[in-house]
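Chain by chain, the residues:
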Amino acid sequence: MRPRDGRTLDTVSEIEIRRVRFDAPVAQQLIRATLADLAARYGGTGDDTPVAPSEFEPPDGAFLVAYLAGEPVGCGGWRSHGDDTAELKRMYTAPEARGRGVARTVLAAVERSAREQGRKRMVLECGDKQPEAIAMYASAGYDRIPNFGFYKDAEGCVSFGRTL
């Protein structure tokens, strides 16, 4: 069955990306879900990396939320990591929205935001118990780099980078 405009009924709704403050309620809701997902994979709190909301304020960072059919379903942000490098943080897609292009859309928007603020490179930390994230980063042109940051010496830490 097709609606009058010719789309099939199973067409994925358009993904809308909005910049929000890191400490906004919608961002914090998604960050709690992110940390719960990481805790289920790795134990503990999920991620103990020190993160301050002010790090995600332009021009030194940004935090983005993805909406599908008006509902927040994903997020990601960047913060400065040196003069011309951005660090990707808190990438997440809600389970019910996975496989619909949300993560790739958020990643592209985060990269664009960092590029607009003069960043030339994106780096990120990930864990080896996130094979879907690792596969996405590899397919998006990210290469393994030496570990850095809070989990630099942690077993299972994998780091990636890419020129923007």
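A. Main features of the sheet that holds strand E5 (residues 121-127). If you walk across this open sheet you meet the seven strands as E1-E2-E3-E4-E5-E7-E6, and the pairing is mixed. Either end of the sheet is taken by a strand with one partner, and the two such strands are strand E1 (15-20) and strand E6 (143-145). Adjacent strand axes in the sheet meet at a mean angle of 30°, parallel and antiparallel pairs treated alike. Strand direction decides the pairing type here: strand E4 (residues 85-93) and E5, joined by three bridges, are parallel. Considered in E5, the bridge of Glu87 is made with Val123. In this fold helix H1 (residues 25-42) packs onto E1, strand E2 (61-68), strand E3 (71-80), E4 and E5, with an angle of close to 80° to the strand it touches most, E4. Along the sheet, helix H3 (residues 131-139) makes contact with E4, E5 and strand E7 (157-163), crossing E5 at roughly 160°.

B. The pattern of salt bridges, seen in detail. Summed over all chains, the structure comprises 12 salt bridges. A salt bridge links Asp37 to Arg98, with the shortest nitrogen-to-oxygen separation between them at 3.8 Å. Within this pair, whereas Asp37 is found in helix H1, its partner Arg98 is found in the loop between E4 and helix H2 (102-116), the two being separated by 61 residues in sequence. Between Arg90 and Asp47 there is a salt bridge, with the nearest N and O atoms lying 2.6 Å from each other. Here Arg90 is found in strand E4, whereas its partner Asp47 is found in the loop between H1 and E2, with 43 residues between them in sequence. You can call Arg90 buried: its relative accessible area is 9%. Members of the salt-bridge network, linked through shared partners, are Asp37, Arg41, Arg98 and Glu132.

C. Representation of the layout of surface pockets in the model. Computed from the structure, the largest pocket encloses a volume of approximately 910 Å³. Taken together, 39 residues make up the lining of the largest pocket; nearest its centre are Leu38, Met91, Cys126, Gln130 and Ala133. The residue inventory of the lining of the largest pocket, partitioned by class, reads 15 nonpolar, 10 polar and 14 charged.

About the thresholds
- Residues numbered from 1 in each chain as written.
- Predicted model: local features only at pLDDT ≥ 70, side-chain atom pairs only at ≥ 80, totals over all residues.
- Heavy atoms only, no water.
- Pairing = 2+ DSSP bridges.
- Helix = DSSP H or I, 4+ residues; strand = E, 2+ residues; numbered from the N terminus.
- Axes fitted to C-alpha atoms, helices over the stretch in contact; angles between N-to-C directions.
- Contact = heavy atoms within 4.5 Å.
- Salt bridge = Lys/Arg side-chain N within 4 Å of Asp/Glu carboxyl O.
- Buried < 20%, exposed > 50% of the residue type's maximum accessible area, 1.4 Å probe, protein only.
- 1 Å grid on protein atoms, 1.4 Å probe; cavity = no way out; pocket = protein on both sides within 12 Å on 5 of 7 lines; lining within 4 Å.
- Points joined across faces, edges and corners; volume = space filled by probe spheres on them.
- Nonpolar A, V, L, I, M, F, W, Y, C, P; charged D, E, K, R; others polar.

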